[in-house]
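Here is what each chain is made of, one letter per residue.
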Amino acid sequence: MSSNAQIVISQFGGPEQLNILTTEIPQPQAGEVLVKVAFSGVNPIDVKTRAGIGWAAEHNKNNLPWTPGYDVSGVVVKQGIGSEKFNLNDMVSGFIGFPLRGGGYSQYLCVSETELALVPEDISLKAAAAIPLAGQTAAQALEKAQIQSGETVLILAGAGGVGHIAVQIAVAAKTKVYATCCEDNKSYIEILGGTAIDYNNPSELEALNHVDVMIDLVGGEAAIKAMACLHPGSRVITVPTITSSMVCSHAAELGIIGMGMLVEPDTVQLEELLGLISAGMLKVEVEQCFAMNEVAQAHLKIESGHARGKILLDMQM
Ligand SMILES: NC(=O)c1ccc[n+]([C@@H]2O[C@H](COP(=O)([O-])OP(=O)(O)OC[C@H]3O[C@@H](n4cnc5c(N)ncnc54)[C@H](OP(=O)(O)O)[C@@H]3O)[C@@H](O)[C@H]2O)c1
C-alpha cells in the first residue's frame, strides 16, 4: 500500500468535473475496517449529484470536494480497534454512506463494519459491487407495494440497474410481470422471465390493463401515461424522487395508491441478496466496467439513460 486515489467533484457540473485526487490511505477508527476497493457501482444519483441536482447535491454543496459512490466491493486490509465482524482478506460489499457521505469512488475506504456484508466466495466482486443500491431499491419497492402471488406487476425500465433485479424478484414471487424497455432489450426481459413491452410502440402499453402494481423507475410523463393500465385501488411505487409528488398526485386523481420511496441501506437485506446470487436464484447484469480514470465515460453511459443492468468502476485499474 502506498497512496490512495479518490474521484472527487470540486464543483457541480458536467462529467469533466470528476477528477482524481491522490490522498493518504486513511486509518480505520474504532469499529471500522479499511477496505481496498475493487469495484464501485455507478448509479443515477451519482450523476445527478455531480450535476448539482437533487437532495444529495443540496446537502453537499458546502462540503466540496466530495467523493461520490455508495456501492463498493473489496477486501478488508486493516481492522480498527474493536472491529470483529470480519477477518483480514475477507471479501466485503456495502451500500455505504447513503445519502450524504458517499465516498465509494475511492481505492481505499474506511467504513464501519456495520455497513458491510461478507461476500460468499462463489460470487464475483463485480456482482458484489453491482447489487447493493440497485438490489435493495428493487427489493424495497416490491416490499412497499406488498406484491402478492398471482398479481400483475408492471415495471417501467425493466432492463436497467434496479429494473432487472425487480423483474427477477417479482417473477420469483409468482406474479405476472410486464416490463417496459426498448426494442433491443425485449429478448433480455424475456430471459429474466418477464413479458417485454416496447415503450416506443404505444399500442403495446395500450393493450395492457388490470395491472395491480406498477414499479415506476422512469417517473414523469412516462409514469403518468402508464397509469392507464392500472385500475382504482392499484398501487404505484414511484422511485425517481424528483417527479414523485407529481406522479403520486396523478395517481390519487385516478383512485390509485401512489407512494414515493427512498431506499434505506440494510446489511441483512444485502446479505440475503448476496445469498440469492450465490444460490443461482438472482443474476446481476454488469453491462460495462470502466477503469477508474474513465469515470467520465461511465457517467455519460448512465446519463444516456440506456444502461442495461449495472455500470461499474474498476478502482484498481
Ligand atoms: N428513490 C430511491 O431511493 C432510488 C433508488 C435507486 C434509483 N432511483 C432512481 O430510479 C431510477 C432508475 O434507476 P436505475 O439505477 O435503474 O437507472 P438506470 O440503470 O440508469 O436505468 C436505465 C434503464 O432505463 C431504461 N429506460 C430509459 N428510458 C425509458 C423509458 N422511457 N421507459 C422505459 N425504460 C426506459 C433503459 O432501458 P432501454 O435501454 O431498454 O431503453 C435502461 O435500461 C433513476 O431515476 C434513479 O435515480 C431512486
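Keep in mind the model is a prediction, meaning the values are calculated, not measured.

Caption draft 1: Molecular detail of the site of the ligand. Around the ligand sit 25 residues, and of these Lys48, Gly161, Tyr199, Val263 and Ala307 come closest. A distance of 2.3 Å separates an oxygen atom of the ligand from a polar atom in the side chain of Tyr199. Val239 has a polar backbone atom sitting 2.8 Å from a nitrogen atom of the ligand. Surface burial for the ligand is 87%, taken as the share of its 920 Å² of free accessible area covered by protein chains. Looking at the shell around the ligand, the elements that each hand over two or more residues are helix 1 (44-50), helix 4 (132-145), helix 5 (161-172) and strand 9 (176-181). Inspection of the shell around the ligand shows a minimum of three residues originating in each of domain 1 (4-131 + 284-314) and domain 2 (134-260).

Caption draft 2: Seen up close, the sheet that holds strand 11 (residues 211-216). A sheet is described by the order of its strands in space; here six strands give the open sequence 10-9-8-11-12-13, paired in parallel fashion. Lying at the two open borders of the sheet, with one neighbouring strand each, are strand 10 (195-198) and strand 13 (257-260). Going across the sheet, the axis of each strand differs from the next one's by a mean of 20°, ignoring polarity. Sheet strands in contact with helix 9 (residues 244-253) are strand 11, strand 12 (230-238) and strand 13, and its direction is about 170° off that of strand 13.

Caption draft 3: Summary view of the pattern of salt bridges. The final tally for this structure, using the stated rule, is six salt bridges. A salt bridge links Glu287 to Lys301; the nearest nitrogen and oxygen atoms lie 3.1 Å apart. Here Glu287, found in strand 14 (residues 286-291), pairs with Lys301, found in helix 11 (residues 295-303); they are 14 residues apart in sequence, far enough to count as distant.

Definitions and cut-offs
Residues numbered from 1 in each chain as written. Predicted model: local features only at pLDDT ≥ 70, side-chain atom pairs only at ≥ 80, totals over all residues. Heavy atoms only, no water. Near = heavy atom within 4 Å. Polar contact = N/O pair within 3.5 Å; in protein donor to acceptor, adjacent residues only side chain to side chain. Areas by Shrake-Rupley, 256 points an atom, 1.4 Å probe, with all protein chains shown as cover. Helix = DSSP H or I, 4+ residues; strand = E, 2+ residues; numbered from the N terminus. Domains from an automatic or database assignment. Pairing = 2+ DSSP bridges. Axes fitted to C-alpha atoms, helices over the stretch in contact; angles between N-to-C directions. Contact = heavy atoms within 4.5 Å. Salt bridge = Lys/Arg side-chain N within 4 Å of Asp/Glu carboxyl O.

This is a description of form; function is not addressed.
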